[in-house]
Amino acid sequence: MAQLWIPGPTEVRPELLAACARPMIGHRSATMTETIERMDPHLRFAFGLADDSSATVAVHSASASAMMEAALIGAGRGRVLSLVNGAFSKRWHKIAEQLGRDAHAIEVPMGGIVPLDEVRRVLDEEGPFDALTFVSSETSTGTATPLEPLGQLLAHYPDTLLLADMVSWIAGAPVDFDANHLDFSLAGIQKAFALPPGIAVVCASEAFMRRARSQPDRGFYLDPVRFIDGHVARKTPATPAISLYFALAQQLEDISAGVTLPESAGSCSGADAWQARFDKHRRMQARTVEWAAGHGLSLLPDPDLGSPTVSCVRAGHLDVQALVAGLAHRGYAISNGYGDLKGKTFRIGHMGDHSEQGLNGLLAAADEVLA
Ligand SMILES: *Cc1c(COP(=O)(O)O)cnc(C)c1O
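As the structure is a prediction and not an experimental result, all values here were calculated from the model.

J.: Looking at this model, I keep getting lost on the overall build of the protein. Mind explaining?
T.: Looking only at helices and strands, the protein features twelve helices and 14 strands. Against the 2.2 N^0.38 benchmark of 21 Å for 371 residues, the protein shows a C-alpha radius of gyration of 20 Å, consistent with a compact globule. Its C-alpha atoms give the protein principal-axis dimensions of roughly 60 × 55 × 35 Å. Residue burial in the protein is summarised as follows: out of 371 residues, 57% are buried. Across the protein, contacts joining residues at least 24 apart in sequence account for 70% of those joining residues at least 6 apart.

J.: Help me understand the sheet that holds strand 9 (residues 184–188) in this model?
T.: Consider a sheet: its strands pair through backbone hydrogen bonds, and that pairing is either parallel or antiparallel. Read across the open sheet, the seven strands follow the order 2-10-9-8-5-3-4; overall the sheet is mixed. For this open sheet the edge positions go to strand 2 (56–60) and strand 4 (102–107), each flanked by a neighbour on one side alone. For this sheet, the mean inter-axis angle between neighbouring strands, taken without regard to orientation, is 20°. Judged from the five bridges that link them, strand 5 (residues 131–135) and strand 8 (residues 161–165) form a sheet pairing that is parallel. What sits directly across from A131, in strand 8, is L161. Relative to strand 9, helix 3 (residues 64–75) is tilted by about 165°, and along the sheet it contacts strand 2, strand 3 (79–84), strand 5, strand 8, strand 9 and strand 10 (200–204). Lying over the sheet, helix 7 (residues 206–213) contacts strand 8, strand 9 and strand 10, oriented at roughly 105° with respect to strand 8.

Reading the values: rules and limits
The written sequence of each chain sets the order in which its residues are numbered from 1. The predicted origin of the model limits local features to residues at a pLDDT of at least 70 and limits the giving and counting of side-chain atom pairs to 80 or more, whereas totals for whole chains, interfaces and linings rest on all residues. Hydrogens and water molecules were not included; the side-chain quantities draw on all heavy atoms of the structure. Where helices and strands are cited, they refer to DSSP runs of H or I of at least four residues and of E of at least two residues respectively, numbered from the N terminus. Using C-alpha atoms as the atom set, the radius of gyration is obtained and then compared with a globule rule of 2.2 Å times the number of residues to the power 0.38. Three labels apply to residues, based on accessible area from a 1.4 Å probe with only protein chains included: buried if under 20% of the type maximum, exposed if over 50%, partly exposed otherwise in between. The contact rule is simple, with two residues in contact once any of their heavy atoms fall within 4.5 Å. We call two strands paired when DSSP finds no fewer than two bridges between them. For helices, the axis comes from a line fit to the C-alpha atoms of the stretch in contact; other axes are also lines fit to C-alpha atoms, and the angle between any two N-to-C directions lies between 0 and 180 degrees.

Remember, this is a structural readout, not a statement about activity or role.
Rendered as structure tokens:
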């Protein structure tokens with residue numbers, strides 16, 4: 001089997017696969033309650049919650065896309081503004097349309113980010129909006145939208161909830177949920193958390209919960225109030241993916257204990273261990289950019305907008321299919337470009353528990369293929 005360096009799902013450590021293989025338990029058992037309880041302190045690190053934060057973390061058995069839908073169900077029935085700069089941000093806009101919302105979008109070419117001035121103009125001229133959606137790391141283009149300036153801007157529009165898809169961001173880069181004025185943040189666990197797909201983690205602000213509670217007809221399974229209150233009460237609304245809960249609890253504890261860090265990071269724990277993990281991904285991104293430059297290639301986005309967990313490289317004259325096939329032959333899976341970018345770009349997912357040493361192995365194999 002080829003090692004997964006695609007932009008998700010990514011490699012899962014054997015210890016975590018073993019956690020998934022634990023014997024089944026009843027989901028109303030004390031062990032299940034304990035498993036959920038083990039997660040919260042570490043999820044607070046993952047979302048970067050302030051000590052006195054009034055935000056709530058939760059887990060739900062569903063894909064990240066389901067949480068994109070849940071976020072909009074909670075945010076209300078008014079207008080939704082979506083910042084669209086790739087496939088996943090576009091999906092969120094589509095979900096808003098399918099829910100029957102008055103859905104607006106500001107779309108920029110893939111590899112770019114929506115300019116803040118334009119966001120401000122649309123908020124002022126076409127608002128009010130109930131919610132603004134964006135994707136912090138557009139996995140389709142390897143583009144990161146800086147959180148702080150957007151959060152600062154939205155702080156001036158308190159009725160517009162700021163909803164963030166952080167699927168390939170969380171556990172790979174700092175979220176600072178409160179400081180960045182986020183109201184709802186969601187992620188699946190198959191990307192930077194390096195676990196099998198199937199459950200999602202979320203964080204909701206007090207303002208989001210207040211808004212959600214006031215909405216009628218929120219449905220059942222994707223009602224954010226039901227599954228977030230359920231998490232807090234340690235009672236899932238339906239039978240959860242218990243095996244994945246085992247693995248997530250283990251992985252969260254391992255990240256906080258520094259178990260997943262390279263030796264060079266020294267021994268650290270808690271918030272420091274999460275920061276050291278984020279630093280590792282930044283170094284891996286820099287290494288990938290340097291490698292690409294060595295072949296006369298550059299990233300699709302501006303270098304300072306490159307995602308810390310997935311690099312999307314412009315292929316130039318290079319035959320992407322041959323590169324992907326040559327790497328597969330050497331035991332490495334990377335991805336072709338997404339949609340229209342197929343053949344024009346390729347993507348390397350340096351996320352999760354991948355190491356810098358592992359990345360060097362992949363890049364050396366790529367050198368061989370290109371030679
Ligand atoms: C993978 C991904 C998704 C979709 O996740 P699913 O678990 O397949 O629903 C959404 N957003 C981003 C940014 C992603 O990378």
